[in-house]
Structures are given as structure tokens and as C-alpha cells.
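Structure assessment
The residues making up each chain are set out below.
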Amino acid sequence: MTDRLSPQEWSAAVAAVRELPRDATVLLACHVNPDGDAIGSMLGVGLGLRALGFRHVQASFPGPPEVPEPFTSLPGLDLLVPSSRAVAAPDLMMSFDAASASRLGELADRVTAAGTTVVLDHHASYTGFGKVHLVDPQAAATAVVAEELLHRLGVRLDAQIAECLYVALVTDTGSFKFDMTTPEVHQLAAKLLATGLQPSEITRRVFDTRPFGAVRLYGEVLSRTQLDPDAAGGQGLVWTWATLDDLARHGQHPYVLEPLIDSVRCTAEAEVSCVLKQVAASEWSVSMRSKGANDVRAVAVALGGGGHRLAAGFTAYGEVADVVAAIREQLDTDR
Ligand code: AMP
Ligand code: MN
Ligand code: MN
């Protein structure tokens, strides 16, 4: 599907898997707060490795081991282990959708402890960690790279693997709406659907289902949204924030806030949007989106994070007003 990676990189990745005895230990890991692409690509490859006969495949992610509700029906969940139980020095490690080893949290030490590490990713901010780099910034999702690897390994695409990869693809393309939605993306979607998937059921489960408490929480958080039409050189910045107290009052898990940015970024009067999600006393996980003119990855990188040109994030410390001021300043620096 993609021909932007060098043949050498592909053959190194294929060899890393093919030359491994079937009783070798394999650890798959994806980024903290896994989204559909992270967990879907990881489980899709995990199921593929299992189909090839590998008997000791673990999949894991850092932080709380609970799988976010939208992904609790994905095939291959039995591959998951809490990070505390992840093998310390796997024969092979594969990393999914993480641009830097730090995004793997407490699993980052396996990158060097492993016999070899193959990285599957699509971030332009990729730091180069790992040994074999299947990293294609032109790919719409890590799942695009994952599917190609499975194909080259001779894995038959079954409905279970396809469901994992479909969830990944549909998540990172914003349901086939974003920039990277190329003809190849639709061709891959067609190939995945042809295994017999029910896209309406899958996407209702993953995107269009939310507890009542989360609906009320969204109402409250959206009602405090701020707009500054003068920011970003007059193109406008819109933002809101959600605290741990908001979550507690509505009895919600942090992951229910992941789609919040989609409700904020539709603001007509702003080119750039951001959502601050509190993770500790004065620590925030910041999501940013741009409609095109502004490079939010540059903003995120300047503030210690990463991502894509139109979708990026970072961890911030301090008060909401100070974090927003820092973003404003970077947006202006950028021009
Ligand atoms: P999100 O807003 O969480 O959907 O993330 C958008 C993009 O920004 C993703 O591609 C992430 O990989 C990247 N990103 C989000 N948070 C961080 C962070 N703290 N450090 C590096 N990259 C991040
Ligand atoms: Mn991701
Ligand atoms: Mn991704």
C-alpha cells in the first residue's frame, strides 16, 4: 500500500519477525492513553503474529491498564497485559503510533532491553528511536504501515485483524474526513471491509456511544469554551478545559474527553483549537488542532510535545491561562 519506506527497512522488519523462533517472546507496545490507531494497529499485528504461530506475544501500554470503553470490543484484547507484567527483555519489541520512546512511559526501557525493536509509526516528529524504522509520515495512520507489514509477512487478512485495523484507520482519518484521506486510504478501507466487517456497528461502538454522564460533562465543559479572534495572527483561537473535578462530579474516566476537541474545533471563528485535560494538580494534557494555515506540531514541539501539522499535543504545567498564553505566543512566533 505504501512505497515510501525503503526496501531495506521493509526487509529488515520482515527478517526481524521471520527469523525469530516461534517460542520467542514478543512485546508489542503503544503510546500512553491509547487511541484507536495505537491500540488497533497493535492488536491487529498481535493477532497476525499469533496466526504466524508465535506463542508468546504480549501487547501493552503505559499508565492505567484499563482499556478505554470504546475499544473494549476489539478482537485480540486477550493479548493485553498490564505494563507491570510486560516481559522485561523481549526477544522482539514492536512499538506502535509513538513518535518518541517517552510516549511509551514505563515500557520505554524495553526499547533498548529487547533483542531488537521495530517501530511502526507515522509521525513527522518521530525521534528515530528503535532499530528498524517503519515510519511513514505520509501514512494516514500507523495502521497503514501495519497492514503492509502483515501483508509482507504473508498473514491472511481475516475479519478480526481487519476490525482492529479498520478502527485504527477510521480514528486517525476522522472517519475519512482529514487531509491524509487519499485514494489509497479508501482502497485499504475497502480491503478491510471486504472481510465482512459491519462498519455501522463498529463505528457506533467506537465513536457514537457515550455514557449519559459524559453527555452532561460535555455540556458543562463546552459551555465554558473561550474564543479569542485576535490570536494566531487574527485567525482565531478557541479553547476549553476539563478538570479532574469535572470528571469526578460526572463519574467519568479521563478517556471520555478524547473526542472533546472535535466539538471545539468546529468553531467557525477560529483556525486553531485546543483542549486542556487535567491529569494532576497543575498538569494538563493538551490537544491542539489546526484547520490548515497554522502548524500546531511546531507549537507542540516548542512546548515539549509532538504530533502532526494539523493535530498535535503536549503536556503542560500551571494554570489554564498560562498554558493558553504560551500557545498564543508560539502561534505568533511561528508566523
Ligand atoms: P490528541 O490530541 O491526543 O489526539 O493527539 C494529537 C497528536 O498529537 C497525536 O498524533 C499525538 O501523537 C500527539 N501528541 C499528543 N500529546 C502528545 C504529547 N504529550 N507528546 C507528544 N505528542 C503528543
Ligand atoms: Mn495516536
Ligand atoms: Mn496515529
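Remember, predicted model here, so these are calculated numbers, not experimental data.

Some words on the coordination of the manganese ion (ligand 3)
Taken together, the protein ligands of the manganese ion (ligand 3) are Asp37 (OD), Asp97 (OD), His122 (NE2) and Asp172 (OD), with distances of 2.1 to 2.2 Å. Sequence spacing among the residues donating to the manganese ion (ligand 3) works out to D-x59-D-x24-H-x49-D. The distance between the manganese ion (ligand 3) and the manganese ion (ligand 2) is 3.8 Å, with Asp97 acting as a donor to both metals. Note that Asp37 is positioned in helix 2 (residues 36–51) and His122 in the loop between strand 4 (116–121) and strand 5 (132–135), a separation of 85 residues in sequence.

What to know about the packing of helix 1 (residues 7–18) against helix 4 (residues 142–152)
For the pair helix 1 and helix 4, the least separation of the axes is 10 Å and the interaxial angle reads 60°. Regarding the angle of helix 1 to helix 4, the classification is oblique. Note that helix 1 runs across helix 4; the crossing there is right-handed. Taking contact as the criterion, the partners of Trp10, Ala13, Val14 and Arg18 in helix 1 are, on helix 4, Val145, Glu148, Leu149 and Arg152.

Focus on the sheet that holds strand 11 (residues 311–317)
Ordered by their spatial adjacency, six strands build an open sheet running 6-7-8-9-11-10, and the pairing between neighbours is mixed. Both edges of this open sheet fall to strand 6 (226–228) and strand 10 (306–307), since each of them pairs with a single strand only. Bridge count between strand 10 and strand 11: two bridges; the pairing is antiparallel. Within the sheet, the bridge partner assigned to Gly307 lies in strand 11 and is Ala312. On the sheet, helix 13 (residues 320–333) packs against strand 6, strand 7 (237–242), strand 8 (272–280), strand 9 (283–290) and strand 11 and is oriented at approximately 150° with respect to strand 7.

The rules behind these values
Residues numbered from 1 in each chain as written. Chains lettered and ligands numbered in written order. Predicted model: local features only at pLDDT ≥ 70, side-chain atom pairs only at ≥ 80, totals over all residues. Heavy atoms only, no water. Donors = N, O, S within 2.8 Å, 3.2 Å for Na, K, Ca; no water. Helix = DSSP H or I, 4+ residues; strand = E, 2+ residues; numbered from the N terminus. Axes fitted to C-alpha atoms, helices over the stretch in contact; angles between N-to-C directions. Parallel < 35°, antiparallel > 145°, perpendicular 65-115°, else oblique. Left-handed = near helix turned anticlockwise from the far one by under 90°. Contact = heavy atoms within 4.5 Å. Pairing = 2+ DSSP bridges.

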